[in-house]
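Structural description and commentary
Single-letter residue listing:
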There are 2 protein chains.
Amino acid sequence: MKNRVITFSREFGSGGRTIAKKVAEKLGIPCYDEEIIDRLVEESGFDKKYIAEESEYASKSRLMGLILAGRTNGPTNQDQLWNIQYKMICKLAEEGPCVIVGRCADYILKDKADCLRVFIHSDIKKRAERIVREYGERDELPEQRLNNKDKCRAIYYKFYTDMKWGIATNYHISLDSGELGIDKCVELITQLY
Amino acid sequence: MKNRVITFSREFGSGGRTIAKKVAEKLGIPCYDEEIIDRLVEESGFDKKYIAEESEYASKSRLMGLILAGRTNGPTNQDQLWNIQYKMICKLAEEGPCVIVGRCADYILKDKADCLRVFIHSDIKKRAERIVREYGERDELPEQRLNNKDKCRAIYYKFYTDMKWGIATNYHISLDSGELGIDKCVELITQLY
């Protein structure tokens, strides 16, 4: 039988990662997030910072609409990273029940695991407050940071999955964490496992 | 204090209306769906069948991209219906806590009531089975009926609200009723009230 896996997609600053961790804790199953980056460092040989930036976000060239940028000579580093990440996520889902945060796991595991696909989002004002609280001030305005991050994630998702990010029908449950609160979201999701 | 209202948007055949009714029953509050059509007949003088077809779906001319069709001489019948429906939904929300199905109530009540905005969707295969079971066979294939209905609703929604229908961030909770089951959806939503 296929393992039961919960995949979390989330808007930047929505608290999706926190919810994922709490759900995993409550269910007593592993939560893969940072751990995936560490494993990717081991397997790919790429630098940790490079992986964190390139394994979930469209790179700058793609953001500028240059889909073929660097591809005239075959797959780019990001494509290689996608392939390694793809296999790794399949392997994690085979190992046992778990929670996986981001990284298009919802798409990758679509027919490979018994998935509960979750999307967490929140109002931009609440997300802006949250990222300043969690990650501190930056030169860039928080709203601008959020828009850039979400845009890069959406383009990355679209490029590798050919699906649109944030469409309700792609997920079994989508929740507004800003309105419902982190704990309520955790409660609802664990009930569905 | 503003009344607490639950608005349901739903894909055709997803069971959203059934879920809405069960939620209202469980909470002991009225559910407005068909009742809105009856009230519109009374207030507008339009025929019931005409209202059922025009009060939630884009008319054929609009579907063909003719946004201005019939508008060169001012508002169309559908625009008048929209205005009456708009006021009616505001009035229902003022009267007391309730559940309202469809009709862009989520948009209309955005800043006028303490709303819980729900979206119900389901896989097209499951919806096709459901509409044949509920409404019987038609000449048109069930998948085609679904696509047409959803398309007309989405265009109607976009035209009057300038928002995109089915985007997760527009709702506090979006649920896949085909995967989670009607009763589970009812349970989750009543918990949030």
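Report on the accompanying structure. Remember, predicted model here, so these are calculated numbers, not experimental data.

Rules of the game
Per chain, residues are indexed from 1 in the order of the written sequence. Chain A is the first chain written and ligand 1 is the first ligand written, with later ones labelled in order. Local features in this predicted model are restricted to residues of pLDDT 70 or higher, and side-chain atom pairs are both shown and tallied only at a pLDDT of 80 or more, whereas totals for entire chains, interfaces and linings draw on every residue. As a convention, hydrogens and water are excluded, and side-chain values are obtained from all of the structure's heavy atoms. Segments assigned H or I by DSSP are reported as helices when at least four residues long, segments assigned E as strands when at least two residues long, and all are numbered from the N terminus. Radius of gyration here uses only the C-alpha atoms, and the compact-globule reference equals 2.2 Å multiplied by the residue count raised to the power 0.38. Categorising residues by exposure relies on relative accessible area from a 1.4 Å probe, with only protein chains included: less than 20% of the type maximum marks a residue as buried, more than 50% marks it as exposed, and the intermediate range marks it as partly exposed. Here, a salt bridge means any Lys or Arg side-chain nitrogen found within 4 Å of an Asp or Glu carboxyl oxygen. By definition, two strands form a pair when at least two bridges between them are found by DSSP. Note on method: axes are straight lines fitted to C-alpha atoms, helices fitted across the in-contact stretch only, with angles between N-to-C directions ranging 0 to 180 degrees. With respect to orientation, any angle under 35 degrees is reported as roughly parallel, any angle over 145 as roughly antiparallel, any angle of 65 to 115 as roughly perpendicular, and every other angle as oblique. Contacts are assigned to residue pairs with any non-hydrogen atoms lying within 4.5 Å of each other. Residues are grouped as follows: Ala, Val, Leu, Ile, Met, Phe, Trp, Tyr, Cys and Pro are nonpolar; Asp, Glu, Lys and Arg are charged; every other residue, Gly included, is polar. Summed over both partners, buried area is the accessible surface (1.4 Å probe) that two parts give up on being assembled. What qualifies as a polar contact is a pair of N or O atoms within 3.5 Å, subject to a donor-acceptor requirement within protein and to the restriction that residues adjacent in sequence count only when both atoms come from side chains. A helix is expected to span 1.5 Å multiplied by its residue count minus one. Think of it as the arc spanned by the lines of direction from the helix axis to the C-beta atoms. For this overlay, a least-squares fit was computed on C-alpha atoms, restricted to residues scoring pLDDT of at least 70 in both copies. By convention, a stacked pair of Phe, Tyr or Trp rings (six-membered ring in the case of Trp) has centres within 6.5 Å and planes under 30 degrees apart, an edge-to-face pair has planes over 60 apart, and any other such pair is tilted. Placement of a charge over a ring requires the Lys NZ or Arg CZ to be within 6 Å of the ring centre, with the centre-to-atom vector within 35 degrees of the ring normal.

To continue, consider the overall build of chain A. The helix and strand inventory of chain A stands at 10 helices and five strands. The C-alpha atoms of chain A give a radius of gyration of 16 Å, which matches the 16 Å a tight globule of 193 residues would have. Counting only C-alpha atoms and orienting by the principal axes, one finds that chain A spans roughly 50 × 45 × 30 Å. The buried share of chain A, reckoned over its 193 residues, is 52%.

Looking now at the pattern of salt bridges. What the rule picks out here adds up to 21 salt bridges over all chains. Taking the shortest distance from any N to any O, the salt bridge between D183 of chain B and K22 of chain B comes out at 3.3 Å. Residue D183 of chain B is located in helix α10 (residues 182–192), and its partner K22 of chain B is located in helix α1 (residues 16–27); the two are separated by 161 residues in the primary sequence. Residue K22 of chain B is classed as partly exposed on the basis of its relative accessible area of 35%. Taken together, the salt bridges that share partners define one network made up of E11, R127 and D150 of chain A.

It is worth spelling out the pairing of strand β3 (residues 98–101) of chain A at this point. Residue and element names in this part refer to chain A. Side-chain alternation along β3 places C98 and I100 on one buried face and V99 and V101 on a second face that is also buried. Taken together, the four bridges between strand β1 (residues 4–10) and β3 define a ladder with parallel strand orientation. The partner of F8 across the bridge, within β3, is V101. Here strand β2 (residues 31–32) runs beside β3; their pairing, made up of two bridges, is parallel. Residue pairing across strands places Y32 opposite I100, the latter belonging to β3.

The next point concerns the packing of helix α7 (residues 124–135) of chain B against helix α8 (residues 142–161) of chain B. Residue and element names in this part refer to chain B. Orientation of α7 relative to α8, taken along the N-to-C sense of each, is 100 degrees, at an axis distance of 9 Å. Regarding the angle of α7 to α8, the classification is roughly perpendicular. Contact residues: α7 offers I124, R127, A128, I131, V132 and Y135, while α8 offers P142, E143, R145, L146, N147 and D150. Partitioning the contact of α7 with α8 into residue classes produces seven nonpolar, one polar and four charged.

Below, the discussion takes up the interface of chain B and chain A. Put simply, an interface is often sized by how much accessible area is lost when its parts join up. In this assembly, 22 residues from chain B lie in contact with 22 residues from chain A. Carbon and sulfur atoms make up 60% of the surface buried where chain B meets chain A, a total of about 1700 Å² over both sides. By the criterion of area lost to chain A, the three top residues of chain B are A168, H172 and Q191 of chain B, representing 27% of everything that side buries. Across the chain B-chain A interface, the total number found is zero salt bridges. Our count for the contact surface shared by chain B and chain A stands at 10 residue pairs in polar contact (both at pLDDT 80 or more). Elements with a minimum of two residues in the side of chain B that touches chain A: β4 (114–121), β5 (173–176), α9 (177–180) and α10 of chain B.

What follows is about unusual backbone geometry. All names here are of chain A. You will see that C104, though not glycine, has its phi angle at about 60 degrees, which is positive. Summarising the element assignment, C104 is placed in the loop between β3 and α6 (105–108). Its identity is not glycine, yet D162 carries a phi of approximately 60 degrees, on the positive side.

As a further point, take the sheet that holds β2 of chain A. If you walk across this open sheet you meet the 10 strands as β2(A)-β3(A)-β1(A)-β4(A)-β5(A)-β5(B)-β4(B)-β1(B)-β3(B)-β2(B), and the pairing is mixed. Unpaired on one side and paired on the other, β2 of chain A together with β2 (31–32) of chain B mark the two borders of the sheet. With four bridges joining them, β4 of chain B and β5 of chain B adopt parallel strand pairing. Residue pairing across strands places F119 of chain B opposite S174 of chain B, the latter belonging to β5 of chain B.

As a further point, take α8 of chain B. Residues and elements named next belong to chain B. The end-to-end C-alpha distance of α8 is 28 Å, a good match for the 28 Å that 20 residues give at a rise of 1.5 Å each. Of all the positions in α8, only P142, R145, L146, D150, C152, R153, Y156, Y157, Y160 and T161 are classed as buried. The buried residues of α8 occupy an angular sector of 160 degrees when the element is viewed end-on, so they sit on one face. Looking one or two places after α8, you find D162, whose phi comes out positive at around 60 degrees.

Under the fitted operation, chain B is carried onto chain A by 0.0 Å of movement along the axis and a turn of 180 degrees, and the coordinates agree to an RMSD of 0.0 Å. Here the symmetry operator amounts to a two-fold rotation axis. Taken together, the interface assignments show that 100% of the residues at the interface of chain B recur at the interface of chain A, consistent with an identical surface on both copies.

Residues and elements named next belong to chain B. Along the chain, the position of D106 falls in helix α6 (residues 105–108). Along the chain, D106 and V5 lie 101 residues apart, while their C-alpha atoms are 9.5 Å from each other. Excluding its chain neighbours within four sequence positions, the residues that come into contact with D106 are T7, S9, R117, Y157 and Y171.

Turning next to the packing of aromatic side chains. Residues and elements named next belong to chain A. The final tally for this structure, using the stated rule, is 18 aromatic pairs over all chains. On the numbers, 6.1 Å between centres and 70 degrees between planes, the contact of W82 with Y156 is edge-to-face. Here W82, found in helix α5 (residues 77–95), pairs with Y156, found in helix α8 (residues 142–161); they are 74 residues apart in sequence, far enough to count as distant. W82 gets classed as buried once you look at its relative accessible area, which sits at 8%. Grouping aromatic residues by their ring pairs yields a cluster made of W82, Y86, Y156, F159 and Y160. Just above the ring of F12 sits the side chain of K149; from NZ or CZ to the centre is 5.0 Å.

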